[in-house]
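# Structure assessment
Each chain, written out:
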Amino acid sequence: GAVVSQHPSWVICKSGTSVKIECRSLDFQATTMFWYRQFPKQSLMLMATSNEGSKATYEQGVEKDKFLINHASLTLSTLTVTSAHPEDSSFYICSASVDSFTQETQYFGPGTRLLVL
Amino acid sequence: QKEVEQDPGPLSVPEGAIVSLNCTYSNSAFQYFMWYRQYSRKGPELLMYTYSSGNKEDGRFTAQVDKSSKYISLFIRDSQPSDSATYLCAMEAAGNKLTFGGGTRVLVKP
């Protein structure tokens, strides 16, 4: 149980276009989902926290107008990278938590590799 | 100073050896401690989760927490080439986000 999927697994796009990444909890309902970014040989950096039905909370330095997050249901959150540029190329990973008060049990998706040309 | 410090490695060991990993932290509010394994180009996989000082064992893995020293460890016994990966420690204060260490690359040579 506790499987989180992401789609697509990798995407290549042209500079200036927008890319949407989906994160789904397959066998449980996630009240809270998290979006992370990971650059090569670096650790995961939290971008934002999203709760179903409410606006996402962004970490300092993350542009909310560039990284649009929608958590429309208890099993789906989406991250849209708007007007992508080469510096946005990274590995984007989502995680899902069952209980927003005990976030230690985060289950991670397999990640989405984004390459912006 | 980072909240969580972790030696990046790489740590190279022969097959069958014990792998010893550790992290130090500065935030005394951290209450939950986790170890994740991440293979290249994959998402992190939870290995161990602890919340109290002491040892916790699960198969070949032993997690150790010393809150007084703000130090956590992960030991992998009888290491296998399939254990070659990056190991991330992560910590959480109650009701808050995870803070990750930088990760340690481990290579187990056959």
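Structure: above.
Residues numbered from 1 in each chain as written. Chains lettered and ligands numbered in written order. Predicted model: local features only at pLDDT ≥ 70, side-chain atom pairs only at ≥ 80, totals over all residues. Heavy atoms only, no water.

### Remarks on empty space enclosed by the protein
Residues and elements named next belong to chain B. Summed over the entire model, instances satisfying the criterion amount to one cavity of 30 Å³ or more. Quantified by volume, the largest cavity comes out at close to 30 Å³. Phe33, Trp35, Thr50, Ala63, Gln64, Val65, Ile72 and Ser73 together form the lining of the largest cavity. Looking at the lining of the largest cavity, the elements with two or more residues in it are strand 4 (30–38), strand 7 (61–66) and strand 8 (71–76). Residue classes in the lining of the largest cavity are distributed as five nonpolar, three polar and no charged. (1 Å grid on protein atoms, 1.4 Å probe; cavity = no way out; pocket = protein on both sides within 12 Å on 5 of 7 lines; lining within 4 Å. Points joined across faces, edges and corners; volume = space filled by probe spheres on them. Helix = DSSP H or I, 4+ residues; strand = E, 2+ residues; numbered from the N terminus. Nonpolar A, V, L, I, M, F, W, Y, C, P; charged D, E, K, R; others polar.)

### Considerations on the interface of chain B and chain A
In this assembly, 18 residues from chain B lie in contact with 17 residues from chain A. Roughly 1,500 Å² of surface becomes buried between chain B and chain A when both sides are summed, with 55% attributable to carbon and sulfur atoms. Contact with chain A buries surface across chain B, with Arg41, Lys97 and Phe100 of chain B losing the most and accounting together for 29% of the total. If you look at where chain B meets chain A, you find one salt bridge. Here Lys97 of chain B and Glu59 of chain A are joined by a salt bridge, their closest N and O atoms 2.5 Å apart. When contributions to the side of chain B that touches chain A are tallied by element, the ones reaching two or more residues are strand 4, strand 9 (85–93) and strand 10 (98–100) of chain B. Per element, the largest residue contribution to the side of chain B that touches chain A is four residues, and it comes from strand 4 of chain B. Residue classes in the side of chain B that touches chain A are distributed as eight nonpolar, six polar and four charged. (Contact = heavy atoms within 4.5 Å. Buried area = accessible area lost by both parts, 1.4 Å probe. Salt bridge = Lys/Arg side-chain N within 4 Å of Asp/Glu carboxyl O.)

### Some points on the sheet that holds strand 1 (residues 4–6) of chain B
All names here are of chain B. If you walk across this open sheet you meet the five strands as 1-3-8-7-6, and the pairing is antiparallel. The outermost strands of the open sheet, each flanked by one partner alone, are strand 1 and strand 6 (54–58). With direction set aside, neighbouring strand axes in the sheet form an average angle of 15°. Of the pairings in the sheet, the one linking strand 6 to strand 7 comprises five bridges and is antiparallel in character. Looking at strand 7, one finds that Gly54 is bridged to Val65. (Pairing = 2+ DSSP bridges. Axes fitted to C-alpha atoms, helices over the stretch in contact; angles between N-to-C directions.)

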